[in-house]
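Structural description and commentary
If you want the building blocks of each chain, they are given just below.
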Number of protein chains: 2
Amino acid sequence: MPRLRLALAQSNPVLRDLEGNSRQVVDTVRQAAEQGADLVAFGEMAISGYPIEDLAMRPSFLAAAHERVELLAGELAAAGLGDIPVIVGHPDGPFEPRLLGTSNAPTAIAQNAASVLQGGRVVARYAKHHLPNYSVFDEYRIFIPGDELLILRLRGIDVALIICEDLWRDGGPVGRVLHADAGLLVVINGSPYERDKDEVRLPLVTRRAIETDTIVAYVNLVGGQDDLVFDGDSVVVDRDGGILARAPQFEPHLLLVDLEPEAATDAPLADDIRRVELTAGGPDGSPDAGTGGAPAGASGGEKPAIALDVAELPDDRQQIWNALVLALRDYVEKNRFPSVILGLSGGIDSAVCAAIAADAIGPERVFGVSMPSRYSSDHSRSDADDLAERIGLNFRTEAIADLVLPFETQLGLTDIAAENLQARARGVILMGLSNQEGHLVLTTGNKSELAVGYSTIYGDSVGGFAPLKDVPKLLVWELARWRNAFADERGETAPIPENSISKPPSAELRPDQTDQDSLPEYAELDAILEAYINGGASIAEIVDSGFDRGTVERITTLVDRAEWKRRQSAIGPKISRTAFGRDRRLPITYRPTSV
Amino acid sequence: MPRLRLALAQSNPVLRDLEGNSRQVVDTVRQAAEQGADLVAFGEMAISGYPIEDLAMRPSFLAAAHERVELLAGELAAAGLGDIPVIVGHPDGPFEPRLLGTSNAPTAIAQNAASVLQGGRVVARYAKHHLPNYSVFDEYRIFIPGDELLILRLRGIDVALIICEDLWRDGGPVGRVLHADAGLLVVINGSPYERDKDEVRLPLVTRRAIETDTIVAYVNLVGGQDDLVFDGDSVVVDRDGGILARAPQFEPHLLLVDLEPEAATDAPLADDIRRVELTAGGPDGSPDAGTGGAPAGASGGEKPAIALDVAELPDDRQQIWNALVLALRDYVEKNRFPSVILGLSGGIDSAVCAAIAADAIGPERVFGVSMPSRYSSDHSRSDADDLAERIGLNFRTEAIADLVLPFETQLGLTDIAAENLQARARGVILMGLSNQEGHLVLTTGNKSELAVGYSTIYGDSVGGFAPLKDVPKLLVWELARWRNAFADERGETAPIPENSISKPPSAELRPDQTDQDSLPEYAELDAILEAYINGGASIAEIVDSGFDRGTVERITTLVDRAEWKRRQSAIGPKISRTAFGRDRRLPITYRPTSV
């Protein structure tokens, strides 16, 4: 059988930074070449970052990306890397708009493309067929689908090339891979992390390998991009479904693997399959010996074998923690914030946010502010102080009593208006310090609170990034316990004060207030939210599953009415199937009905 | 030729209010019956309101809408209105999810449907074929397309029924109408207002009438729904392209028209066209005499002829003003706010917002607050006072000096941080009064400001609704002048002080500040924004069209970086092709490149 040393480049591009991402490609291909790679594949849109959203509508951006890929081919050759075929994902265009009749509406002018670079030129190009248009994806809106399957012949091996969603759909390109009798299927992906996603993704890759009787090489992006976190987890699966190589999650990685795919045959191809002959690069430098099962790569047999590289997935809580840390780090670094600031209430949410921030960018770049009011308990200050000390972050106290009183007196505010005033004074403090000192403000609300609108708009909801936006309250506690145990195992200081975990949660906007004055127990709340939002269950169905009707009606009404608050909430990492805002579009104006 | 009295019901549904919208249908059909209508057609999704967004993913909502339509058929019959065929738009489902391979993603389970109700039953149903997925529309994401054309045979006339986007696309249902030899094409629509849209919409209807050789009856919704404003403007066009009837814009209307469509023939139909026989209702009560060109409706000839009803479109500025007024009114009324509150700076934006609010809900429900600082000019107070008096709104003054000073001193804020503090103190005042007294807060920023982020986040951007969100600064001035002239013509008090129109705009956050300290002249700014955002032009192209490179680079960078502010901005009516937020999705995290 022919042999091929494949390199999967799990890279972390910066969106729209065509130059920087191209430099990343050259550097990575150089590393791959040093390790004797015969073929290098990068993720979906590795040249532009992903998702580019409505930038796909800008002709000048598409033209720049197109030109950048041509230039990159030349740059690789100039760097002495022209022999190795390199697959990169990028937006391509501008093309003639897809016809939408006479509506004269803005229509797609771009394709989601993969180009194959070799010898200083773009030698082949593939356009994604299946454009996902669900959940966080809007691709059918912005891209023109491709309709041709591409086969690269390299070292006597037929390599089929597809992009992300193409792998998920039955029929289409995947259906034709078997027909084309390819030996290797390379899939370049921009597949965001979701909790338990590896339970869907790996079985899919495995199934496709068996169905198509090819080795499947799945390369994914890594990194945070606004609400999305790409987790990497690139993998190569043999045609019997066994894992040959797997990259670690949540970090850039160059995954090398020696493969022995089935040799190419000269069976005729269908009209919509295009085959492109690549020359064989690598240390032997000999051109491809052709087809017929001859061991074309055999002359490269003197390469020392590459070590097995199969990363293990950490457990669920660690995966989530890593996702939250990477999302925050990339939001801070890619947007070039020097530091972050957040209010420390002594409660669990702000404690977990602070710990995530410290893990992401180091405690010296994290600024915590305790902002006690006349209603703040002693423990709210001491727990915040304890947290700051455990983590080693920058800490200051700004009491709000003297700031709140003038507003309260001048405007005559009482009850809920007076309660919200305290939260808003804290928002003004954090934004003032942000403007003065340059910090990114973190808002610490969790997914359960956001779902029911249990926050003060322009108060505790103030901030540019929300680390816990997609983390329900019960999971916040779970993560806190996990993180402390993780520290204990390593003999490090547990970052989160035990008291912040164990005490009853409270907004402390009036004396002796607790969250459960307004909300059911969080276990009950989170279960109702899961059923109503993620499960799409009706009120009747939730009641039938064992919850009190009054509670269900109250909570679902809060959820519906909180949509306008969620529309005004900050960016935050998505870790579950259904977050808010990013993949949910709901009306604000309506009269409720109980369905 | 057979005759038909058609009623187009241009109604204003409330989203999700299935019961209330159904009562509206019964009441309107009763009025139509009293005027001898033979067929009544309502707009797209008139039963649910439109657009329903991701409610289309909720099985229980779809089931409720489906059942509501069945019940409505019975209610019409019970009200003695069962004889008249009634066409209503609604979401239908839940259906089996559209297949998306193994991705296990939430997929469409709904159709965008039109049901024909007669004799207490749903006698026919059509599902929209073409699902728009551009601009403000996400229908391909949430609906399953239909694939069958429906012909209703009534009084010897073949009536084809399609939905909105079906009319805009060449081929598809429209292409088959001609083949089916229909006499009348009824199109039910949810077509939002855009500036100059009638210059696209009416020519389209005219062209389709001529192409298909049918009378085309186009019925649209009216009313505000979050960012969208449906303008009505329902129209009936003869097969030679002449206007037979036209409803006024921006108000509910029942448009009646006597038609003489071509008689149905017995030509065979293609497989994908379904014909349903309706019985003839109306005063004669005789069943349809059948086909063959016999004047089936002749026995109804004793009806007195209906008066010609052809509304004229007002001029451009008045259309925009009406759109902004209706959008605000419906947002307030449908969400049941008692009143609105806004800061009155003496400047043009807040003055125009106040005038719109007074036109929308009456001055007695509008609350203005002057919030002078130490930097406020005398005219900012006197102009606000003058405005309040002209409009007759509720007015109060809350000076901010004593509220700002404690923050500034305690936190040591200077420069931009101190400037923003003033805007945030005003935001806290408005939100405090909103919480205390129940008002909806209006944020008064215009489209030009929002585009470049020339506002203080959590400061002057505070508010639940932004009347000028899609109105560029030059147009704000134009509307102010137009509204004053409109008052003058009627001998009414011009609402907007001349000084607010003529003085140079300023945020007044430091001494002698004007907007042009930070921005180019608004004429230049608006032209650059139009080219960059609406026109999709590159920086090079804008410079080539005659602008200074430094200015263009500065402004386009501001636009790019303001995306995160826009993500956090309030709902506001869309009046142009490209607004912000509602139909633009752009990344926040990126490194800029000049394209």
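It should be emphasised that the depicted structure is a prediction, and the values quoted were computed from it without experimental measurement.

**Concerning the relation of the copies chain A and chain B**
Expressed as a screw operation, the relation of chain A to chain B combines 0.0 Å of axial shift with a rotation of 180°, fitting to an RMSD of 0.0 Å. Put plainly, the chains are arranged around a two-fold axis. Judged by C-alpha distance, Q568 of chain A is the residue of chain A that lies nearest the rotation axis, at 2.2 Å. Comparing interface residues between copies, 100% of those in chain A also sit at the interface in chain B, which points to an isologous, same-surface contact.

**Observations concerning the domain arrangement of chain A**
When the parts of a complex come together, some accessible area is lost, and that lost area is often taken as the interface size. Residues and elements named next belong to chain A. Segmenting chain A into domains produces domain 1 (4-277) and domain 2 (319-514). Computed over C-alpha atoms, the centres of domain 1 and domain 2 are 40 Å apart. Listed per partner, the contact involves 15 residues of domain 1 and 13 residues of domain 2. Regarding the contact of domain 1 and domain 2, the summed buried area is about 1,100 Å², with carbon and sulfur atoms giving 55% of it. The largest share of the area that domain 1 buries against domain 2 comes from Y193, R195 and F250, three residues that together contribute 39% of it. In this assembly, domain 1 and domain 2 are joined by 1 salt bridge.

**Considering the interface of chain A and chain B**
Between chain A and chain B, the contact holds 96 residues from the first and 96 residues from the second. For the pairing of chain A and chain B, the buried interface totals around 8,800 Å² over both sides, and the portion due to carbon and sulfur atoms is 54%. Area buried by chain A at its contact with chain B is led by R16, R585 and R591 of chain A, which between them contribute 10% of it. Where chain A touches chain B, the interface holds 2 salt bridges. One salt bridge connects R16 of chain B with D560 of chain A, and the closest N-O pair in it is separated by 2.9 Å.

**Concerning the sheet that holds strand β14 (residues 253-259) of chain B**
Residues and elements named next belong to chain B. Pairing in this open sheet of 6 strands is mixed, and the strands run β5-β4-β3-β2-β1-β14 from one edge to the other. Looking at which strands have only one partner, the edges of the open sheet turn out to be β5 (121-127) and β14. On average, each strand axis in the sheet is inclined to that of its neighbour by 25°, with strand direction left out of account. In terms of strand pairing, strand β2 (residues 39-42) meets strand β3 (residues 86-92) through 2 bridges, oriented parallel. Looking at the pairing, V40 lines up with V86 of β3. Sitting on the sheet, helix α1 (residues 18-34) is in contact with β1 (4-10), β2, β3 and β14, with an inclination near 145° to β2.

**As for the UniProt feature "binding site: ATP" (unreviewed entry) in chain A**
Residues and elements named next belong to chain A. Mapped onto this structure's residue numbering, the UniProt feature "binding site: ATP" (unreviewed entry) falls at G343, L344, S345, G346, G347, I348, D349, S350 and T444. Across 102 residues in sequence, these annotated residues keep their C-alpha atoms within 11.9 Å of one another, forming a single compact spot. One can find S345 in the loop between β16 (340-343) and α8 (348-361). We classify S345 as partly exposed; its relative accessible area is 44%. When near neighbours in sequence (up to four residues on either side) are disregarded, S345 contacts S350 and S380. At 3.0 Å, the side chain of S345 and the backbone nitrogen of G347 are in polar contact. Position of G347 among the secondary structure elements: in the loop between β16 and α8. Among all residues touching G347, those that are not within four sequence positions of it are S500 and K503.

**Details of the sheet that holds strand β18 (residues 394-397) of chain B**
Remark on secondary structure: sheet strands pair via backbone hydrogen bonds, oriented parallel or antiparallel. All names here are of chain B. The strand order across the open sheet built from 4 strands is β18-β17-β16-β19, with neighbouring strands paired in parallel fashion. Every interior strand has two partners, whereas the edge strands, β18 and β19 (440-441), have only one. Here 4 bridges tie strand β17 (residues 366-370) to β18, and the two strands are oriented parallel to one another. In the strand pairing of β18, F367 is matched with N394.

**Side note on unusual backbone geometry**
Each neighbour pair has its own omega, and for Y50 of chain A with P51 of chain A the value is -5°, a cis peptide bond. Looking at the element boundaries, P51 of chain A is found in the loop between β2 (39-42) and α2 (59-78). Residue P94 of chain B follows G93 of chain B across a cis peptide bond; omega there is -5°. In this structure, P94 of chain B sits in the loop between β3 and β4 (111-118). Notably, E53 of chain A is not glycine yet its phi reads approximately 50°, a positive angle. Examined against the element boundaries, E53 of chain A turns out to sit in the loop between β2 and α2. The class for E53 of chain A is buried, based on a relative accessible area of 10%. In the Ramachandran plot, R155 of chain B falls in the positive-phi region, its phi being about 55° despite a non-glycine side chain. Inspection of the secondary structure assignment puts R155 of chain B in the loop between β6 (149-154) and β7 (157-163). Judged by relative accessible area, which is 2%, R155 of chain B ranks as buried.

What counts and what doesn't
- Residues numbered from 1 in each chain as written.
- Chains lettered and ligands numbered in written order.
- Predicted model: local features only at pLDDT ≥ 70, side-chain atom pairs only at ≥ 80, totals over all residues.
- Heavy atoms only, no water.
- Least-squares fit on C-alpha atoms with pLDDT ≥ 70 in both.
- Contact = heavy atoms within 4.5 Å.
- Domains from an automatic or database assignment.
- Buried area = accessible area lost by both parts, 1.4 Å probe.
- Salt bridge = Lys/Arg side-chain N within 4 Å of Asp/Glu carboxyl O.
- Pairing = 2+ DSSP bridges.
- Helix = DSSP H or I, 4+ residues; strand = E, 2+ residues; numbered from the N terminus.
- Axes fitted to C-alpha atoms, helices over the stretch in contact; angles between N-to-C directions.
- UniProt positions renumbered as here; feature names shortened; annotations may be inferred.
- Buried < 20%, exposed > 50% of the residue type's maximum accessible area, 1.4 Å probe, protein only.
- Polar contact = N/O pair within 3.5 Å; in protein donor to acceptor, adjacent residues only side chain to side chain.

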